[in-house]
Amino acid sequence: MKGILWSRFLLAASLCWGSGAGLALAAPPEAGPEGAVVHGSANAITVNGDAIFNHVSRLAASSRVAGTQNEYNAVQYIKGELEKYGYTVTLQSFTFPKFTAPSSIQLTIEGTHGLASQQLAPQALQNTQGGDVSGEVVDAKKGTPQDVKGLELKGKIALIEAGQIDTNAKIANVADQGAVAVILYNPSSDTPILDTQFSTLSLPTVSLSGKDAQALKQKTAANGGPRVRLSVQGVAAMAATSYNVVATLRPNTTTTTSDLVTVGAHHDSVSAGPGANDDASGVGIVLEVARAVGGTQRDSEVRFLTFGAEEYGLYGSQAYANSLSSTDIGRFIGHFQLDMVGSKNSGTLGMYTVNGQKNVVTDLGATFASRLSGVIPYGRFGRSDHVPFYQRGVATALYTHSPAEPEYHTRYDTIDKISKDKLANVATIVGNSVAEILSPTTPSFKRYKDFFTPVNYPYDPNPPV
Ligand code: BES
Ligand code: ZN
């Protein structure tokens, strides 16, 4: 049966690349001991590191905050490039709640008994409510239903320790008892908590460093905690429009499978900087892999995707995943997600799944990597656009380098930190994994375990951040 022996002979030749010269994935067909023909290698693709770098450079000329003209310009650039390669490209628009961070936050311990008032250094949590409230501080422990049961919180400000249950649930629990604001802290953290909240918080909520919070907590131990005034100004949440770019390439062979594979990255950035690595790098690879795959023989369908509004809470990938029919979901082999894939200052390449388990996307990546630059590990990490695919039952993994670079989400995430070699390496691994799924020399990848033996690859217990 065709393909049975393919994995034993595929790509016996080594893979190499060099910046500028483009990537060669050279694998001359060989006869195995049983005389089988090497399958798959005919579909090997070559990517160009310079081309990827140029895309990243173009995109990272400015920030690309979702819902802004800059994002739309990036979308037009991506669409235009994909059309040059012969793709049919559509834009999927969607709306999302765009949160504007407070312009000012003040937390003051009100002076009592002739003592001077004291200013603290709070941080607002994303999606906090605005407001100006004052009240007594009450230690609400971890804000679990047991912790707050019987606590007198009406008109008061709850001091809550992080952990155990979801932040939104903690806030809801104290709000039920009448609290008017929340101060959150992690006792072992030197800095205020800055975790991302996916939905609107129901009260004005700020965080303090462990040290500041402990000091405040000490004062609450005495009867009648200190009175504080919390002012959170300039908060806004407005509906905004963002776009996903969807480029489809249908099979070009007479015999086809119904298999579907997708490759994605997010084109939006944070406002702090131009997001050269986060995630212009991923978009650059999506574009170059799309170009290279256009020249292959394919018996299956591939879609290249770039998502908007990832940084506000995975809104673009959520909109895309939700728009997939159950028929399309059933056709999926996998989704390859590329996010932060080219920094000189990050660690080594890994593949991260939502549940920490291997799947076809990691099996292929590890196997091609082992033939190119050495085996890569898999681990567990969410926080990018693979999550909504996972939630719809699609096998998916995030390709990224771990640990993340120190420039992550700062104004220093710029083109001068981008490594052409890292981009080219990731593109070759992912590009050839995708080309393998598409190859007419392999049967449907639904049953890949019948004809493909992945290499062994290790578990990475340390997620990127
Ligand atoms: N690119 C990051 C996720 C990431 C971080 C990947 C570090 C690899 C290493 C992504 O754009 C991001 O910032 N995600 C948010 C979560 C999202 C749901 C808003 C995050 O991690 O805070
Ligand atoms: Zn990102």
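Residues numbered from 1 in each chain as written. Chains lettered and ligands numbered in written order. Predicted model: local features only at pLDDT ≥ 70, side-chain atom pairs only at ≥ 80, totals over all residues. Heavy atoms only, no water.

- The name an unreviewed UniProt entry assigns to the chain is Aminopeptidase, from the organism Paenibacillus elgii.

### Here we look at the sheet that holds strand 13 (residues 260–266)
Working step 1: Spatial strand order, 3-12-14-13-15-18-16-17: eight strands in an open sheet with mixed pairing. Each edge of the open sheet is held by one strand with a lone partner, namely strand 3 (88–100) and strand 17 (378–380). Recorded for the sheet is a direction-independent mean angle of 25° between the axes of neighbouring strands.
Working step 2: For strand 15 (residues 332–338) and strand 18 (residues 396–402), the ladder comprises four bridges, and the chain directions are parallel. Residue pairing for strand 18: Q337 is matched across the bridge by L398.
Working step 3: Sitting on the sheet, helix 3 (residues 69–84) is in contact with strand 3, strand 12 (236–249) and strand 14 (301–307), with an inclination near 5° to strand 12.
Working step 4: Contacts from helix 7 (residues 276–293) reach strand 12, strand 13, strand 14 and strand 15 within the one sheet, and its direction differs from that of strand 13 by about 145°. (Pairing = 2+ DSSP bridges. Helix = DSSP H or I, 4+ residues; strand = E, 2+ residues; numbered from the N terminus. Axes fitted to C-alpha atoms, helices over the stretch in contact; angles between N-to-C directions. Contact = heavy atoms within 4.5 Å.)

### A look at the coordination of the zinc ion (ligand 2)
Working step 1: Around the zinc ion (ligand 2), the protein contributes the donor atoms H266 (NE2), D278 (OD), D339 (OD) and D339 (OD), which lie 1.9 to 2.7 Å from the metal centre.
Working step 2: Around the zinc ion (ligand 2) sit six donor atoms; with metal-centred angles ranging over 51 to 165°, the donor geometry is irregular. (Donors = N, O, S within 2.8 Å, 3.2 Å for Na, K, Ca; no water. Tetrahedral: all angles 85-135°; square planar, octahedral: opposite > 155°, others 65-115°.)

### Digging into the pattern of salt bridges
Working step 1: A full pass over the atoms with the stated rule returns 14 salt bridges.
Working step 2: The salt bridge partner of E288 is R291, with a shortest N-O separation of 2.7 Å. A residue pair is termed a helical-turn pair when its members lie 3 or 4 positions apart in one helix, as E288 and R291 do in helix 7 at three residues.
Working step 3: Assessed through its relative accessible area of 0%, E288 is described here as buried.
Working step 4: Salt bridges sharing common partners tie together R250, E301, R303, D328 and R331. (Salt bridge = Lys/Arg side-chain N within 4 Å of Asp/Glu carboxyl O. Buried < 20%, exposed > 50% of the residue type's maximum accessible area, 1.4 Å probe, protein only.)

### Topic: the nonpolar core
Working step 1: Counting 63 residues, the largest nonpolar core has F304, F336 and Y399 as its most contacted members.
Working step 2: Residue contributions to this core peak at ten residues, all from helix 7.
Working step 3: In this structure, I109, L120, V206 and L208 belong to the second largest nonpolar core, which totals 17 residues. (Core = buried A, V, L, I, M, F, W, Y, C linked by side-chain atoms within 4.5 Å.)

### Some remarks on the site of ligand 1
Working step 1: Taken together, 17 residues are adjacent to ligand 1, and E310, D339, R383, Y408 and H409 come closest.
Working step 2: In isolation ligand 1 exposes 520 Å². Once the protein is present, 96% of that is buried.
Working step 3: In terms of residue class, the shell around ligand 1 is built from seven nonpolar, five polar and five charged. (Near = heavy atom within 4 Å. Areas by Shrake-Rupley, 256 points an atom, 1.4 Å probe, with all protein chains shown as cover. Nonpolar A, V, L, I, M, F, W, Y, C, P; charged D, E, K, R; others polar.)

### A closer look at the packing of helix 3 against helix 7
Working step 1: One can describe the packing of helix 3 onto helix 7 by two numbers: an axis separation of 10 Å at closest approach and a directional angle of 15°. By the angle between their axes, helix 3 is roughly parallel relative to helix 7. Like other packed secondary-structure pairs, helix 3 and helix 7 cross with a definite hand, here right-handed. Across the interface between the two elements, Y77, I78, E81 and L82 of helix 3 pack against V283, L287 and A290 of helix 7. (Parallel < 35°, antiparallel > 145°, perpendicular 65-115°, else oblique. Left-handed = near helix turned anticlockwise from the far one by under 90°.)

### Describing the sheet that holds strand 7 (residues 131–139)
Working step 1: One open sheet accounts for eight strands, arranged 5-4-11-7-8-9-10-6; its pairing is mixed. In the strand order of this sheet, the two ends are held by strand 5 (118–120) and strand 6 (123–124), each with one partner.
Working step 2: Relative to strand 8 (residues 157–161), strand 7 is paired through three bridges, and the arrangement is parallel. In the sheet register, V138 faces strand 8, and the bridge partner there is A158.

### Examining the packing of aromatic side chains
Working step 1: Summed over all chains, the structure comprises 17 aromatic pairs.
Working step 2: Ring geometry for Y378 and Y459: centres 5.2 Å apart, planes at 70°, overall edge-to-face. Of this pair, Y378 sits in strand 17 while Y459 is found in the segment after helix 12 (420–438), placing the two residues 81 residues apart along the sequence.
Working step 3: For Y378, a relative accessible area of 13% gives the class buried.
Working step 4: Ring geometry for F445 against Y448: centres 5.9 Å apart, planes inclined by 10°, an arrangement best described as stacked.
Working step 5: Taking the relative accessible area as the measure of exposure, F445 reaches 1% and is therefore buried.
Working step 6: In this structure, R371 packs its charged tip against the face of F368, placed 5.4 Å from the ring centre. (Phe/Tyr/Trp six-rings, centres within 6.5 Å; stacked < 30°, edge-to-face > 60°. Lys NZ or Arg CZ within 6 Å of the ring centre and 35° of its normal.)

### Section: helix 2 (residues 49–59)
Since one α-helical turn is 3.6 residues long, residues separated by three or four positions face the same way.
Working step 1: Residues of helix 2 that are buried include every one of G49, I52, H55, V56 and L59, and no others. Taken down its axis, helix 2 places every buried residue within 125° of arc, on the same side.
Working step 2: Against helix 3, helix 7 and helix 12 lie the buried residues of helix 2.
Working step 3: The N-cap of helix 2, judged by a side-chain oxygen 2.8 Å from the amide nitrogen of D50 a few residues on, is N48. (Arc of directions from axis to C-beta. Polar contact = N/O pair within 3.5 Å; in protein donor to acceptor, adjacent residues only side chain to side chain.)

### A few points about the side chain of T396
Working step 1: You can see T396 is positioned in strand 18.
Working step 2: The class of T396 is buried, set by a relative accessible area of 2%.
Working step 3: Here H335 takes part through its backbone oxygen, which lies 2.8 Å from a polar atom of the side chain of T396.
Working step 4: Beyond its immediate sequence surroundings of up to four residues, T396 is in contact with H335, T353, N359, V361, H386, F389 and Y390.

### A look at the side chain of T353
Working step 1: Relative to the helices and strands, T353 is located in strand 16 (residues 348–353).
Working step 2: Judged by relative accessible area, which is 1%, T353 ranks as buried.
Working step 3: In terms of polar contacts, T353 uses its side chain to reach the backbone amide nitrogen of G356, at 3.0 Å.
Working step 4: In this structure the side chain of T353 is engaged in a polar contact, spanning 2.9 Å, whose partner is the backbone oxygen of Q357.
Working step 5: Among residues more than four places away in sequence, those in contact with T353 are N359, T362, G379, R380, F381, T396 and A397.

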